[in-house]
Amino acid sequence: MLVLLKRGTSETAVTDISARLRMFGLSVHRTDHGGQVRIGAVGEGGGVDWDQVRGWPGVESAEKIPVSFKLVSRAFQPHETVISVGRCAIGSRQLAIMAGPCSVEGEEQTFTIAAAVARAGATVMRGGAYKPRTSPYSFQGLGEEGLKLLRRAADANGLAVVSEVMDTQQVALVARYADILQIGARNMQNFSLLKEVGHVDKPVMLKRGQSATIEEWLMSAEHIVSQGNSQVILCERGIRTFETYTRNTLDLNAIPVVKELSHLPVIVDPSHGVGIRNKVAAMARAAVAAGADGLIVEVHHDPDHALSDGAQSLYPEQFEQLVGQIRTIAEVLGRRI
Ligand code: PEP
Ligand code: MN
């Protein structure tokens, strides 16, 4: 339910109303919009007499949130969620530019790429230390050693860090080194993992599952937010279709659709979305034109020897050129990098 409080309701009354709702077994979430306190009361709440709640002092109205993803919906919070990470305000007029290798492979590779993407205009460095690989015989990532390298290379270049966490047992460790926890496409419906990152005080980047509908994706975000972590960034990374020329089909429809349904920032991963180096820039430009709040792009200085996803990684010069183009597109949209 969405409980709107009367303007000017005291903080004591807000606390009191929240406590009374909790006594019904509801979980209470607050957002302030246009000088008004909005309470999202979610959970079973079978025994609540909502007509009675409507009569409580300070309560203006109580209405059902008309969608299944409650807290991440615009019905609950009409204004954009803006997530501050390092020099980046994700979800604001500023576009978030995240870039780096698919995997952290070693010191020289990580530092070379960090310097290159920082120079080109990225504010967040990506790099996997725990890699979900289709084959058990492929490179699985450097683990904590990789996280340490990523942190050092990012710090040396004034970048924030985003890195994937694959397992509930890795959450505390990854959170120690990364500024943003990435939930990979294959884990979008790993509900134990979603619950775990819902308890962490760090932003979470939730990638869309390979065959997930927009509603399922938003429901996964709801799992995280309902646990108390409202800092969720959605990432469209392509879905699996009948098409075989491209690795995935980047669903740009999802951007305006999700922006209407949800207040969460939406960024796009054109690298996994198309999976072919010389098609990545076109899809990145299209994503920004379609209203994405940022990009996450794989960049490698020696992609022929990359331990994962070399074929879709941009050379640093290509990335730099892309950022220049994004800057121009951003201007048309009243945004900036
Ligand atoms: C990645 O970002 O390298 C990755 C494995 O992405 P996804 O989970 O979208 O496949
Ligand atoms: Mn990758």
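Starting from 1, residues in each chain are numbered consecutively following that chain's sequence as written. Whichever chain is written first is A, and whichever ligand is written first is 1; the rest continue in order. Selection of residues for local features in this predicted model requires a pLDDT of at least 70, selection of side-chain atom pairs for listing and counting requires 80 or more, and totals for whole chains, interfaces and linings are taken over all residues. To get the side-chain values, all heavy atoms of the structure are used, and hydrogens and water are removed first.

K.L.:
A description of the sheet that holds strand E4 (residues 59-63) should follow, citing residues and the corresponding values.
P.N.:
Ordered in space as E2-E3-E1-E4, the 4 strands form an open sheet in which the pairing is antiparallel. Where the open sheet ends on each side, the last strands, each with one partner, are strand E2 (27-33) and E4. Averaged over all pairs of adjacent strands, the angle between strand axes in this sheet comes to 20 degrees, irrespective of strand direction. Whether two strands pair comes down to DSSP finding at least two bridges between them. Strands are runs of DSSP state E lasting at least two residues, helices are runs of H or I lasting at least four, and both sets are numbered from the N terminus onward. Of the strand pairs in this sheet, strand E1 (residues 2-5) and E4 are connected by 4 bridges, and their pairing is antiparallel. Bridging from a neighbouring strand, Leu2 pairs with Glu63 of E4. Here, axes are lines fitted to C-alpha atoms. For helices the fit covers the stretch in contact, and angles between N-to-C directions go from 0 to 180 degrees.

K.L.:
Please provide a residue-by-residue account of the packing of helix H3 (residues 107-120) against helix H4 (residues 144-156), values included.
P.N.:
Between H3 and H4, the least distance of the axes is 9 Å, while the angle of their chain directions is 30 degrees. Taken together, H3 and H4 sit at an angle that is classed as roughly parallel. Note that H3 runs across H4; the crossing there is right-handed. Residue-level inspection shows Glu107, Thr110, Phe111 and Ala114 of H3 in contact with H4, the latter providing Leu149, Leu150, Arg152, Ala153 and Ala156. Any angle that is under 35 degrees is reported as roughly parallel, and any over 145 degrees as roughly antiparallel; angles of 65 to 115 degrees are reported as roughly perpendicular and all others as oblique. With the far helix as reference, a near helix turned anticlockwise by less than a right angle produces a left-handed crossing, and one turned clockwise produces a right-handed crossing. Residue contacts are defined here by distance: any two heavy atoms, one from each residue, within 4.5 Å place the two residues in contact.

K.L.:
Let's hear about the sheet that holds strand E12 (residues 232-236): which residues, and what values?
P.N.:
Neighbouring strands of a sheet are bound in pairs by backbone hydrogen bonds; such pairs are parallel or else antiparallel. Taken together, 8 strands build a closed barrel; the order of strands is E7-E8-E9-E10-E11-E12-E13-E14 and the barrel is parallel. Strand-to-strand twist of the sheet, defined as the mean angle between neighbouring strand axes without regard to direction, takes the value 25 degrees. Sheet analysis places strand E13 (residues 266-268) next to strand E14 (residues 294-298), joined by 2 bridges and oriented parallel. What sits directly across from Ile267, in E14, is Gly294. The strands that helix H11 (residues 316-332) touches are strand E7 (96-100) and E14; relative to E7, the one it contacts most, it runs at about 175 degrees.

K.L.:
Talk me through the coordination of the manganese ion (ligand 2); I want residue IDs and the actual numbers.
P.N.:
Coordinating donors are taken to be N, O and S atoms lying within 2.8 Å of the metal, or within 3.2 Å when the metal is Na, K or Ca; because water is excluded from the atom set, some sites may appear incomplete. Every protein donor of the manganese ion (ligand 2) is listed here as Cys102 (SG), His272 (NE2), Glu298 (OE) and Asp309 (OD), and their distances to the metal cover 2.0 to 2.4 Å. Read in sequence order, the donor residues coordinating the manganese ion (ligand 2) give the pattern C-x169-H-x25-E-x10-D. Here Glu298 lies in strand E14 and Cys102 lies in the loop between E7 and H3, a separation of 196 residues in the sequence. Note on accessibility: Cys102 and Glu298 belong to one class, buried. Summary of the burial criterion: residues with accessible area below 20% of their type's maximum are buried, those above 50% are exposed, and those between are partly exposed, where the area comes from a 1.4 Å probe applied to protein chains only.

K.L.:
Account for the side chain of Arg126, naming residues and giving values.
P.N.:
In this fold, Arg126 is placed in strand E8 (residues 124-126). For Arg126, a relative accessible area of 2% translates into the label buried. At a separation of 3.4 Å, a polar atom in the side chain of Arg126 contacts the side chain of Glu298. Beyond its immediate stretch of four places on either side in the chain, Arg126 contacts Ala99, Gly100, Pro101, Cys102, Lys131, Leu150, Val162, Lys207, His272, Ile296, Val297 and Glu298. Here a polar contact is recorded for every N or O atom pair within 3.5 Å, except that within protein the pair must consist of a potential hydrogen donor and a potential acceptor, and residues adjacent in sequence are included only if both atoms are side-chain atoms.

K.L.:
Break down the site of ligand 1 for me, citing the residues and quoting the values.
P.N.:
A cutoff of 4 Å decides nearness: a residue is near a molecule or strand if any of its heavy atoms lies inside that distance of it. Close contacts around ligand 1 come from 13 residues, with Arg126, Ala185, Arg186, Lys207 and Arg237 the closest. His272 is positioned with one of its side-chain polar atoms (N or O) 3.2 Å from an oxygen atom of ligand 1. Take Glu298: an N or O atom from its side chain is 3.4 Å from an oxygen atom of ligand 1. Protein chains shield 97% of the accessible area of ligand 1, which is 290 Å² for the free molecule. Throughout this entry, Asp, Glu, Lys and Arg are counted as charged residues, while Ala, Val, Leu, Ile, Met, Phe, Trp, Tyr, Cys and Pro are counted as nonpolar. The remaining residues, Gly among them, count as polar. Residue classes in the shell around ligand 1 are distributed as 3 nonpolar, 3 polar and 7 charged. Only the protein chains shown count as cover for residues, and the accessible areas themselves come from Shrake-Rupley with a 1.4 Å probe.

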